[in-house]
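# Examination of the molecular architecture
This is what each chain is made of:
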Amino acid sequence: MILLDHVTKIYPGDKKPALDDVSLHIEPNEFVFLVGKSGAGKSTLMKMITKEEDPDMGKIIIGGIDLDYIKRRHIPHYRRRLGVVFQDFKLLPRRTVYENVAFALEIAGMSTREIKHTVPKVLELVGLTEQANKFPAQLSGGQQQRVSIARSVARQPKILIADEPTGNLDKLTRTEIITLLQKINDFGTTVLVTTHDETIVNNLGKRVITLKNGRIVADQKTHGIYRLDGEPEVLIDDSPKAPGFALKSEQRTTITSAPKPKAKPTQKPTIKKPHTPRKKVA
Ligand SMILES: Nc1ncnc2c1ncn2[C@@H]1O[C@H](COP(=O)(O)OP(=O)(O)OP(=O)(O)O)[C@@H](O)[C@H]1O
Ligand SMILES: [Mg+2]
């Protein structure tokens, strides 16, 4: 569903790559958290998928489409096949909740009849039926994010990517939004979410991919935990004892292991001796 093969991205003017030889494979209907410190490359990876940025090296295949072969004029059409959710909602301020969702469907070429049928259903899914006629400014942050999610999933995308969707929300609302993303995932959408929220990641027990300096340093297929400062190793939890193993076993067999970090010359850890000044011999 989402395939990155040895992807490297160096922004013009930067010395270090924002993504450094990243390979990953996300299967249909997976729910994946992408974590890493600020500057680790999470948003860049998302932008590779939306084709907002192009890689300098490597291949990206999304939903069977090789992004190298999408013509510039077809990019908006390609993006409409994805659901994309941002931290800052990006709603149309002069349109109501209903209109924000309807407009997205209109752009996608849905007929007025279909739109009238679809919007109430989607608003119900995200719990906003009663807010349909309100404008974004009249909503709480969590409700605005729900509108944004409604707009993204109304076209029933196969993939939903959300870059820090809970970044501007309080703790309780963050959990609600993630629960909503899980519900969308349960309906059959592959979901990739970046977050800095350790509690949410640790409570959900999903696959967790960790980026560090543009490289994947851990890929925990199930029951992932939020750990940013670990050694650069690939963590793959294949233990049959892992909770969720039985449920995910079918899916897991098809997941290819993430590549090991580039071989570095093996170095023995050097332990520095504390400097002790020599005693003067009298
Ligand atoms: N448009 C750009 N031009 C130049 N460098 C960029 C650009 N966008 C990102 N970078 C650099 O690429 C690296 C990765 O940035 P990215 O935004 O992907 O990080 P991130 O993991 O999303 O961080 P955060 O958690 O703060 O959102 C950083 O070193 C950043 O400075
Ligand atoms: Mg980011």
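Cut-offs applied
- Residues numbered from 1 in each chain as written.
- Chains lettered and ligands numbered in written order.
- Predicted model: local features only at pLDDT ≥ 70, side-chain atom pairs only at ≥ 80, totals over all residues.
- Helix = DSSP H or I, 4+ residues; strand = E, 2+ residues; numbered from the N terminus.
- Buried ≥ 20, exposed ≤ 12 C-beta atoms within 10 Å, placed from the backbone.
- Contact = placed C-beta atoms within 7 Å.
- Expected span 1.5 Å × (residues − 1).
- Near = placed C-beta within 6 Å.
- Nonpolar A, V, L, I, M, F, W, Y, C, P; charged D, E, K, R; others polar.
- Pairing = 2+ DSSP bridges.
- Axes fitted to C-alpha atoms, helices over the stretch in contact; angles between N-to-C directions.
- Parallel < 35°, antiparallel > 145°, perpendicular 65-115°, else oblique.
- Left-handed = near helix turned anticlockwise from the far one by under 90°.
- pLDDT = per-residue confidence, 0-100.

## Notes on the overall build of the protein chain
Counting its regular elements, the protein chain contains 8 helices and 10 strands. Counting over 282 residues, the protein chain shows a buried share of 36%. When contacts within the protein chain are restricted to residue pairs at least 6 apart in sequence, those whose partners lie at least 24 apart make up 64%.

## Some details on helix H5 (residues 141-153)
In this model H5 runs 18 Å from its N-terminal to its C-terminal C-alpha over 13 residues, within 8% of the 18 Å that 1.5 Å per residue would give. For H5, a buried count of 11 out of 13 residues is recorded, marking the element as mostly surrounded by other parts of the structure. When H5 is considered as a whole, its buried residues turn out to be Gln143, Gln144, Gln145, Arg146, Val147, Ser148, Ile149, Ala150, Arg151, Ser152 and Val153. For H5, the elements touching its buried residues are strand E6 (82-85), helix H3 (97-107), helix H4 (112-125), strand E7 (159-163) and helix H6 (171-186).

## Examining the site of ligand 1
Near ligand 1, the surroundings consist of Tyr11, Asp14, Ala18, Gly36, Ser38, Gly39, Ala40, Gly41, Lys42, Ser43 and Thr44. In terms of residue class, the shell around ligand 1 is made up of 3 nonpolar, 6 polar and 2 charged.

## Focus: the sheet that holds strand E4 (residues 57-62)
The antiparallel open sheet is built from 4 strands, whose spatial order is E2-E1-E4-E5. Each end of this open sheet is capped by a strand with a single partner; those strands are strand E2 (19-26) and strand E5 (65-66). As paired elements, strand E1 (residues 2-9) and E2 share 5 bridges and run antiparallel to each other. Residue pairing in the sheet places Val7 in a bridge with Val22 of E2. Each of E1, E2 and E4 is contacted by helix H1 (residues 42-50), which is oriented at about 120 degrees to E1, the strand it contacts most.

## Re the sheet that holds strand E9 (residues 207-212)
Reading across from one edge, E6-E7-E8-E3-E9-E10 is the order of the 6 strands in this open sheet, with mixed pairing throughout. Since the sheet does not close on itself, it has two edges, and those belong to E6 and strand E10 (215-220), each with one partner. Here the average twist between neighbouring strands, direction ignored, is 15 degrees. Two strands pair when backbone bridges link them, and strand E3 (residues 31-35) and E9 are joined in this way by 4 bridges, in the parallel orientation. In the strand pairing of E9, Leu34 is matched with Ile209.

## Topic: the packing of H3 against H4
Working note: a packed helix pair is described by the angle between its axes plus the distance between those axes. The geometry of H3 relative to H4 is characterised by a closest axis approach of 10 Å and an angle of 125 degrees between their N-to-C directions. Accordingly, the angle class assigned to the pair H3 and H4 is oblique. Crossing geometry of H3 relative to H4 is assigned as right-handed. Between H3, through Val97, Tyr98, Val101, Ala102, Leu105 and Glu106, and H4, the contact on the second element is made entirely by Ile115, Thr118, Val119, Val122 and Leu123.

## Brief notes about H1
Within the span of H1, buried status applies to Lys42, Thr44, Leu45, Met46, Met48 and Ile49. A positive phi of about 60 degrees marks Lys51, the residue just after H1.

## Re the confidence of the model for the protein chain
For the protein chain, the average pLDDT comes to 86, and 81% of its residues sit at 70 or higher. Throughout residues 238-282 the model reports pLDDT below 50, and contacts reaching past four residues in sequence, or to other chains, amount to 31 contacts.

## With respect to the packing of H3 against H5
Closest axis-to-axis distance for the H3/H5 pair is 8 Å, and the angle between their directions is 25 degrees. In terms of orientation, H3 and H5 fall into the roughly parallel class. The two elements H3 and H5 cross, and the hand of that crossing is right-handed. Of the residues in H5, those touching H3 at Val97, Asn100, Val101 and Ala104 are Val147, Ala150 and Arg151.

## So, unusual backbone geometry
One non-glycine residue with positive phi stands out, namely Asn29, at about 70 degrees. Here Asn29 is to be found in the loop between E2 and E3. Overall, the presence of 15 C-beta atoms within 10 Å leaves Asn29 in the partly exposed class. Positive phi values are uncommon outside glycine, yet Lys51 reaches one of about 60 degrees. Along the chain, Lys51 turns up in the loop between H1 and E4.

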